[in-house]
Amino acid sequence: MAQFDFRRIVTTIDYIVVSPIFVMKPAPSTPTSVRLTDETRKILDEAARRTRRSRSYLVEETLKQFLPRIVQKETQPSPQERIRRLKELEGIGYRLVGPQSIEEIDARIREFRGDE
């Protein structure tokens, strides 16, 4: 690989802009079939026309953005499970720090909030 003496070039030119160009190969894609209602297909086609992007691009970007939200929503515990978990925590403060007066509890709350 050739090496350049930039000090010599700088003496003859005021500025040098070195801009590396990275050529990224598109990631391999896998065809997938999706059934859309006519209404949804029309919305997708209109979005593709307006953004000058392909339907595939728009569908992939939308999936990337919204799938994590859907998965999180669908995998959240049921209300009954959440209540059961909360009941398991009942009395844990007492078990960790022992009995405390109202003043000690208030002091801990103020300390936690940074109210002091």
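Look above for the structure.
All values derive from a computational prediction rather than experimental measurement.

*Asks:* Looking at this structure, I do not really get the overall build of the chain. What am I missing?
*Replies:* Scanning the chain for helices and strands turns up six helices and zero strands. Shown N-terminal to C-terminal, the secondary structure of the chain runs as helices and strands in the order α-α-α-α-α-α. Across the 116 residues in the chain, those meeting the buried criterion constitute 3%. Split by element, the accessible area of the chain, about 12,200 Å² in all, is 56% carbon and sulfur.

*Asks:* I keep staring at the layout of surface pockets and nothing clicks. Help me out?
*Replies:* Each pocket or cavity is described by its volume, and for the largest pocket that value is around 580 Å³. For the largest pocket, the lining is made up of 17 residues, of which Thr32, Arg55, Ser56, Val59 and Glu60 are closest to its centre. Of all the secondary structure elements, the ones that give two or more residues to the lining of the largest pocket are helix H2 (38-51) and helix H3 (55-75). Of all the elements, H3 adds the most residues to the lining of the largest pocket, at six residues. Tallied by class, residues from the lining of the largest pocket come to nine nonpolar, four polar and four charged.

*Asks:* Just checking my understanding: could you explain the packing of H2 against H3 for this structure?
*Replies:* Between two packed helices, the angle of one axis relative to the other and the distance separating the axes together describe the packing. Packing of H2 against H3 leaves a shortest axis separation of 9 Å and a crossing angle of 105°. If you check the angle between H2 and H3, you find them roughly perpendicular. Each of Arg41, Leu44, Asp45, Ala47, Ala48 and Thr51 in H2 lies in contact with H3, whose residues at this interface are Arg55, Leu58 and Val59. Among the residues forming the contact of H2 with H3, the class breakdown is five nonpolar, one polar and three charged.

*Asks:* Please clarify how a nonpolar patch on the surface should be interpreted in this entry.
*Replies:* A surface patch of nonpolar side chains, amounting to about 400 Å² of accessible area, comprises Val59, Leu63, Phe66, Leu67 and Ile70. Tracing the sequence through the fold places Leu67 in helix H3. For Leu67, a relative accessible area of 41% corresponds to the partly exposed category.

About the thresholds
Residues numbered from 1 in each chain as written. Predicted model: local features only at pLDDT ≥ 70, side-chain atom pairs only at ≥ 80, totals over all residues. Heavy atoms only, no water. Helix = DSSP H or I, 4+ residues; strand = E, 2+ residues; numbered from the N terminus. Buried < 20%, exposed > 50% of the residue type's maximum accessible area, 1.4 Å probe, protein only. Areas by Shrake-Rupley, 256 points an atom, 1.4 Å probe, with all protein chains shown as cover. 1 Å grid on protein atoms, 1.4 Å probe; cavity = no way out; pocket = protein on both sides within 12 Å on 5 of 7 lines; lining within 4 Å. Points joined across faces, edges and corners; volume = space filled by probe spheres on them. Nonpolar A, V, L, I, M, F, W, Y, C, P; charged D, E, K, R; others polar. Axes fitted to C-alpha atoms, helices over the stretch in contact; angles between N-to-C directions. Parallel < 35°, antiparallel > 145°, perpendicular 65-115°, else oblique. Contact = heavy atoms within 4.5 Å. Patch = residues over 30% accessible without salt bridge, like charges linked within 9 Å, V, L, I, M, F, W, Y side chains within 5 Å. Salt bridge = Lys/Arg side-chain N within 4 Å of Asp/Glu carboxyl O.

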